[in-house]
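Chain by chain, the residues:
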Amino acid sequence: MCVFCKIINGEIPSFKIYETEDLVAFLDISQATKGHTLIVPKKHFENLLALDEETLKKISVAQKEVANILSKKLGTSAFNFVNNCGSVAGQSVMHVHFHVIPRYENDDFKMHIVEHEPNFEELAKLHKEITE
Ligand code: AMP
């Protein structure tokens, strides 16, 4: 059984801050920033691509509700909502989960999206590859 299924079954402890019939949100054991929380469906799905639409919609609502709780209690209105889908993308627990990461002035959290000069010829080729 995976580590998040064990948390959901109560076999290992967690610090829950939010729960519905279908999902649970608990503090990430390794706090990227103060209040870093994971939203996890109670049913085991490997990743976002395996999720059914209904659960995905409920997770979207929960993202906003969890962010509102954290915002009220921790005094920030800035967040990154992150989902790592697949091990190449950094997913280490193979039970789908969504990170809610509160952001603060001068925190040390880094999103590694490297900016490049736009190449419109390449963009046009890529657009064709994806849409045709
Ligand atoms: P990811 O790398 O996107 O798969 O994220 C997995 C996250 O789960 C990491 O940020 C871990 O710190 C977190 N994590 C792993 N085990 C536990 C646990 N027992 N309780 C809370 N968070 C955990």
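**Digging into the site of the ligand**
- As a structural note, the neighbourhood of the ligand is formed by 16 residues, with Asp 28, Asn 84, Gly 90, Ser 92 and His 99 the closest of them.
- Within the contact set of the ligand, an oxygen atom lies 2.9 Å away from a backbone nitrogen or oxygen of Gly 90.
- In the model, an oxygen atom of the ligand is placed 3.1 Å from a nitrogen or oxygen of the Val 93 main chain.
- Put simply, the parts of the chain that give the shell around the ligand at least two residues each are α1 (3-8) and β2 (23-27).
- The element that contributes the greatest number of residues to the shell around the ligand is α1, accounting for 3 residues.
- Within the shell around the ligand, the residues separate by chemical class into 8 nonpolar, 7 polar and 1 charged.

**Observations concerning the packing of aromatic side chains**
- Taken as a whole and assessed by the stated rule, the structure comprises 2 aromatic pairs.
- When the centroid spacing of 5.5 Å and the interplanar angle of 75° are considered together, the rings of Phe 4 and Phe 26 count as edge-to-face. Taken together, the positions of Phe 4 in helix α1 and Phe 26 in strand β2 put the pair 22 residues apart, joining distant regions of the chain. Residue Phe 4 shares its accessibility class with Phe 26, and that shared class is buried.

**Things to note about the sheet that holds strand β3 (residues 37-41)**
- Spatial ordering of the open sheet is given by β1-β2-β3-β5-β4, a layout of 5 strands whose pairing is antiparallel. The open sheet has two edge strands, β1 (16-19) and β4 (78-82), and neither has a second partner. For this sheet the average axis-to-axis angle between neighbouring strands, irrespective of direction, equals 20°.
- In terms of strand pairing, β4 meets strand β5 (residues 98-103) through 5 bridges, oriented antiparallel. Each residue of the ladder has a partner; that of Phe 81, found in β5, is Val 100.
- Against the sheet, helix α2 (residues 53-74) makes contact with β1, β2, β3, β4 and β5, and its axis sits at roughly 155° relative to β3, the strand it touches most.

**Some remarks on α2**
- Given a rise of 1.5 Å per residue, 22 residues ought to cover 32 Å, and the 31 Å separating the end C-alpha atoms of α2 matches this to within 8%.
- Taken residue by residue, α2 has Thr 55, Ile 59, Ala 62, Gln 63, Val 66, Ala 67 and Leu 70 as its buried positions. One side of α2 carries all its buried residues, which in axial view fall inside an arc of 140°. In α2, those exposed residues whose orientation departs by more than 90 degrees from the buried face are Glu 53, Lys 64 and Lys 72.
- The inward-facing, buried residues of α2 abut β1, β2, β3, β4 and β5.
- Capping the start of α2, Asp 52 holds a side-chain oxygen 3.2 Å from the backbone nitrogen of Glu 54, two or three residues further along.

Conventions and cut-offs
Residues numbered from 1 in each chain as written. Predicted model: local features only at pLDDT ≥ 70, side-chain atom pairs only at ≥ 80, totals over all residues. Heavy atoms only, no water. Near = heavy atom within 4 Å. Polar contact = N/O pair within 3.5 Å; in protein donor to acceptor, adjacent residues only side chain to side chain. Helix = DSSP H or I, 4+ residues; strand = E, 2+ residues; numbered from the N terminus. Nonpolar A, V, L, I, M, F, W, Y, C, P; charged D, E, K, R; others polar. Phe/Tyr/Trp six-rings, centres within 6.5 Å; stacked < 30°, edge-to-face > 60°. Buried < 20%, exposed > 50% of the residue type's maximum accessible area, 1.4 Å probe, protein only. Pairing = 2+ DSSP bridges. Axes fitted to C-alpha atoms, helices over the stretch in contact; angles between N-to-C directions. Contact = heavy atoms within 4.5 Å. Expected span 1.5 Å × (residues − 1). Arc of directions from axis to C-beta.

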